[in-house]
Amino acid sequence: MSNTPSLPLGIARVIDAVNFRFGQACSWLTLFMVLGTALVVILRYGMNLGATALQEAVLYAHALVFMGASAWALQRNAHVRVDIFYQQFSGRRQALVEVLGTLFLLLPVCLFLGWASWDYVANSWSTREGSSESGGLKFVYLQKSIILVLVVSLTLQGISNLIKAIYLLCGVLPEQEVKHG
């Protein structure tokens, strides 16, 4: 086999590694969310103190957990899939579904979401938008940028999955059994 076919697989492996590490890092934010929320409740109801910045930091973490780790979930097949038929398909047929779903659903939705949110995020950056709450964080523009993180990471993971599915269809990669949950 020449080096040319291995280049796309190498790119797919790099994308997978980056999304894996980023997804794992985002998943650790759930611990911060639990502890931060508990602290906000204790401060508010136990000491009658507000913690707006901490509350907003928990919201930022929430956004990162769900939008930042979505590509990792896609990579691991941990996303919601209506697979009444899919789970019964052979590996090659599953790869065909993956190719068609990526080309006609995932990538167009990602591109539309990126296009539709670009001005929203850019406007926030242009004003360095901050919290409207007293004592809130001054980084709302960073929180809004998480939308573009979602778009980029999902698009890249879609490309990685597409490469691997095409290689499976061409017989370069072996068929794998589907692993759920």
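Just so it is clear, the model here is predicted, and its values are computed rather than measured.

## Overview of the packing of helix α5 (residues 91-126) against helix α6 (residues 140-169)
How two helices pack is summed up by the angle between their axes together with the distance between the axes. Contact pair α5 / α6: the axes reach a minimum separation of 8 Å and the direction vectors enclose 160°. Taken together, the axis directions place α5 and α6 in an arrangement best described as roughly antiparallel. Pair α5 / α6 crosses with left-handed handedness. Classifying every residue of the contact of α5 with α6 gives 25 nonpolar, 9 polar and 3 charged.

## Re the environment of E129
Residue position: E129 is located in the loop between α5 and α6. Considering only alpha carbons, one finds E129 and G158, 29 residues apart in sequence, at a separation of 31 Å. In this view, E129 contacts S124, K138, F139, V140, Y141 and K144; residues no more than four positions away in its chain are not counted.

So, how was this worked out
Residues numbered from 1 in each chain as written. Predicted model: local features only at pLDDT ≥ 70, side-chain atom pairs only at ≥ 80, totals over all residues. Heavy atoms only, no water. Axes fitted to C-alpha atoms, helices over the stretch in contact; angles between N-to-C directions. Helix = DSSP H or I, 4+ residues; strand = E, 2+ residues; numbered from the N terminus. Parallel < 35°, antiparallel > 145°, perpendicular 65-115°, else oblique. Left-handed = near helix turned anticlockwise from the far one by under 90°. Nonpolar A, V, L, I, M, F, W, Y, C, P; charged D, E, K, R; others polar. Contact = heavy atoms within 4.5 Å.

Take it as geometry only, folks, not as evidence of what the structure does.
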